[in-house]
Amino acid sequence: FDEEGAGRDRCKETPKQHPAAAEWEQDKERPWVCEHRWRGIPGMISFRKLIKGNAAAKPKPRHADSDGHVAFSIGKDAFVALNRNGYNNYTELGEDI
């Protein structure tokens, strides 16, 4: 790139809806999907570094439903809960995570 930030200027913004709107997909001025810049991704990278080398071989499922909620733990070191619906969800998963 000839000038600083020129590459970043070609990155699409984080999509505001899922699935992404056709206008977002077809943006000719910002054609690149730079997911590493999207909100939430840095936290995923930190989480990956946190659990590296954990003795637990596989994540243990804790919760899943048809409303887009899923949760799992990795040993006693990490816990993840994801919500796809855009509203808060509350559930009791117990203390043995």
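Residues numbered from 1 in each chain as written. Predicted model: local features only at pLDDT ≥ 70, side-chain atom pairs only at ≥ 80, totals over all residues. Heavy atoms only, no water.

(A) Main features of the overall build of the protein. Each helix and strand in the protein was counted, giving two helices and three strands. Along the protein, helices (α) and strands (β) appear in the sequence α-α-β-β-β when read from the amino end. Accessible surface, the protein as shown: approximately 8300 Å² in total, 51% of it carbon and sulfur. (Helix = DSSP H or I, 4+ residues; strand = E, 2+ residues; numbered from the N terminus. Areas by Shrake-Rupley, 256 points an atom, 1.4 Å probe, with all protein chains shown as cover.)

(B) Highlighting the layout of surface pockets. Considering only enclosed or pocket space, the largest pocket measures out at about 700 Å³ in volume. Taken together, 16 residues form the lining of the largest pocket, with Thr-14, Pro-15, His-18, Arg-39 and Asn-83 sitting closest to its centre. Going through the elements one at a time, helix H2 (41–51) and strand S3 (78–83) are the ones with two or more residues in the lining of the largest pocket. Residue classes in the lining of the largest pocket are distributed as five nonpolar, eight polar and three charged. (1 Å grid on protein atoms, 1.4 Å probe; cavity = no way out; pocket = protein on both sides within 12 Å on 5 of 7 lines; lining within 4 Å. Points joined across faces, edges and corners; volume = space filled by probe spheres on them. Nonpolar A, V, L, I, M, F, W, Y, C, P; charged D, E, K, R; others polar.)

(C) The arrangement of the sheet that holds strand S2 (residues 69–74) in detail. The strand order across the open sheet formed by three strands is S1-S2-S3, and the pairing between neighbours is antiparallel. Edge positions in the sheet fall to strand S1 (60–64) and S3, since each of these pairs with one other strand and no more. This sheet shows a mean twist of 15° between the axes of neighbouring strands, independent of strand direction. Where S2 lies against S3, six bridges are found, and the strand directions are antiparallel. Paired with Ser-73 across the strands is Phe-79, a residue of S3. Contacting S2 and S3, H2 runs over the sheet at an angle of about 155° to S3. (Pairing = 2+ DSSP bridges. Axes fitted to C-alpha atoms, helices over the stretch in contact; angles between N-to-C directions. Contact = heavy atoms within 4.5 Å.)

(D) Molecular detail of the state of the cysteines. This model, assessed by the stated rule, comprises one disulfide. Across the disulfide from Cys-11 sits Cys-34; the S-S distance is 2.0 Å. Here the S-S torsion is close to -75°, and the disulfide linking Cys-11 with Cys-34 is therefore left-handed. Of this pair, Cys-11 sits in the segment before helix H1 (22–25) while Cys-34 is found in the loop between H1 and H2, placing the two residues 23 residues apart along the sequence. In this structure, Cys-11 and Cys-34 share a single accessibility class: buried. (Disulfide = S-S within 2.5 Å. Buried < 20%, exposed > 50% of the residue type's maximum accessible area, 1.4 Å probe, protein only.)

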